[in-house]
Amino acid sequence: MDGGGGVEAGTTAAWMAPHRGMYERATRHPFTVSIRDGTVDPAAFRRWLGQDYMFVKEFVAFLASVLLKCCRQSDGSDMEIILGGLASLSDELSWFKKEAEKWSVNLAEVSPLKSNTEYCRFLQSFSEPEISYAVAITTFWIIETVYQDSFAFCIEEGNKTPPELLGTCQRWGSPEFKQYCQSLQRIADRCLADAPADAVKSAEEAFLRVLELEIGFWDMSSSQS
Ligand SMILES: Cc1ncc(CN)c(N)n1
């Protein structure tokens, strides 16, 4: 998965071989590929924008739960990275509001569609103290990585991404965001290396569930399913 070689092979990289198909369905989805091709339906982009704004609001609470587990269950050296991620969501919410204005999306009128509600419910389940930090940080890593990989593809060589969408793609497709995802991956791999087998199994299940939910989220954006 890591073309730049920034992360040593660990548990998360080992999952890529058996789950490559699902990973590609999530990161090369027709919706994001249509952004790269310049054929994206503006109505679908507007739908994604409104739905993702709602998702990110729920993601703040999810990240707060990851941070809490980090404080309780790790030695504290990961705290700054997670705290940085949480702080940057404030910026992200402002970005969504500005972008919504640009695309004439009235965020006050958006209500969550089925796939978004399902994803948000999954995020909410992490407030359970029984879910370990290893599972939560792995989940956090793959959620961010799907966006990083999807949007980086939209700005890679040969793209025909419309200029008005480049800002969106750069938000998650930038080298800085990739480095951030790699930091999360290193933390996840370190936690998984120390975790009991049942926690590693749960983390892999959560990884797959995220891929499924991300595919559902892109499908929903494309076709309002
Ligand atoms: C659905 C979804 N997945 C991931 C991200 C990246 N934080 C997002 N904004 N939205």
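Residue numbers here run from 1 along each chain, matching the order of that chain's written sequence. Reporting in this predicted model follows two pLDDT cut-offs: at least 70 for local features of residues, and 80 or more for side-chain atom pairs to be given and counted; totals over whole chains, interfaces and linings ignore these cut-offs and use all residues. Excluded from the side-chain calculation are hydrogens and water; included are all heavy atoms of the structure.

(A) Up close: helix 8 (residues 175-194). Helix and strand assignments follow DSSP, with helices taken as H or I runs no shorter than four residues and strands as E runs no shorter than two, numbered in order from the N terminus. To estimate the expected span of a helix, count its residues, drop one, and scale the result by 1.5 Å. Helix length check: helix 8 (20 residues) gives 29 Å between terminal C-alpha atoms against 28 Å at 1.5 Å per residue, within 8%. Exposed residues in this analysis have more than 50% of their type's maximum accessible area, buried residues have under 20%, and partly exposed residues fall in between, with area computed by a 1.4 Å probe over protein chains only. Of all the residues in helix 8, the buried ones are F177, Y180, C181, Q182, S183, L184, Q185, I187, A188, D189, C191 and L192. In this description, contact between two residues means that some pair of their heavy atoms is separated by no more than 4.5 Å. The inward-facing, buried residues of helix 8 contact helix 1 (11-27), helix 4 (79-102), helix 6 (133-155), helix 7 (166-173) and helix 9 (197-223).

(B) A look at the UniProt feature "binding site: substrate" (unreviewed entry) in the protein. UniProt positions are given in the numbering used here, feature names are shortened, and annotations may be inferred rather than shown by experiment. In this structure's numbering, the residues bearing the UniProt feature "binding site: substrate" (unreviewed entry) are D52, E92 and E144. In summary, the annotated positions, though distributed over 93 residues, converge in three dimensions, the widest C-alpha pair being only 13.1 Å. Looking only at the residues we just named, the largest cavity is lined by D52, E92 and E144. When neighbours within four sequence positions are excluded, D52 is seen to be in contact with F96, Y147, W172 and F217. Along the polypeptide, E144 turns up in helix 6. For each structure, a 1 Å grid was placed over the protein atoms alone; sets of points admitting a 1.4 Å probe that cannot get out are labelled cavities, open sets with protein on both sides within 12 Å along at least five of seven lines are labelled pockets, and lining residues have an atom within 4 Å of a point.

(C) Expanded view of the site of the ligand. Taken together, the residues surrounding the ligand are D52, F55, V56, F59, Y119, I143, E144, Y147, W172, E214 and F217. Identification of polar contacts relies on pairs of N or O atoms within 3.5 Å, with a donor-acceptor requirement for protein atoms, meaning one able to donate a hydrogen and the other able to accept it, and with residues adjacent in sequence counted only if both atoms are side-chain atoms. Separating a nitrogen atom of the ligand from a side-chain N or O atom of D52 is a distance of 2.6 Å. Here Y147 contributes a side-chain N or O atom positioned 3.1 Å from a nitrogen atom of the ligand. Broken down by secondary-structure element, the contributors of at least two residues to the shell around the ligand are helix 3 (42-73), helix 6 and helix 9. Element by element, the count of residues in the shell around the ligand is highest for helix 3, at four residues. Three classes are used, and their members are as follows: Ala, Val, Leu, Ile, Met, Phe, Trp, Tyr, Cys and Pro are nonpolar, Asp, Glu, Lys and Arg are charged, and the others, Gly among them, are polar. Broken down by class, the residue content of the shell around the ligand amounts to eight nonpolar, no polar and three charged. We call a residue near a molecule or strand whenever a single non-hydrogen atom of that residue lies within 4 Å of it.

(D) Summary view of the nonpolar core. Only buried residues count toward a nonpolar core, which is a set of Ala, Val, Leu, Ile, Met, Phe, Trp, Tyr and Cys residues joined through side-chain atoms within 4.5 Å. Ranked by size, the top nonpolar core spans 74 residues in total, and within it W48 and I137 carry the most contacts. The residues touching I137, leaving out its near neighbours within four places in the chain, are V66, I82, L184, I187, A188 and C191.

(E) Seen up close, the packing of aromatic side chains. Any Phe, Tyr or Trp ring, taking Trp's six-membered ring, that has another such ring centre within 6.5 Å forms a pair; planes under 30 degrees apart are called stacked, those over 60 apart edge-to-face, and the others tilted. Under the definition given, this model contains 30 aromatic pairs. With centroids separated by 6.4 Å and ring planes inclined at 75°, the aromatic side chains of Y119 and F217 adopt a geometry described as edge-to-face. Within this pair, whereas Y119 is found in helix 5 (residues 114-124), its partner F217 is found in helix 9, the two being separated by 98 residues in sequence. Residues Y119 and F217 agree in their burial class; the two are buried. When the ring of F151 is compared with that of W218, the centres are 6.0 Å apart and the planes differ by 75°; the resulting orientation is edge-to-face. With F151 in helix 6 and W218 in helix 9, this pair connects stretches of sequence that are 67 residues apart. Comparing F151 with W218, the two get one shared label, buried. Sitting over a ring, as applied to charges here, requires NZ of Lys or CZ of Arg to be within 6 Å of the ring centre and within 35 degrees of the ring normal. Across from the ring centre of F153, 4.1 Å away, lies the NZ or CZ of R28, which sits over that ring. A cation sits over an aromatic face here: R36 above F153, 4.2 Å from the ring centre.

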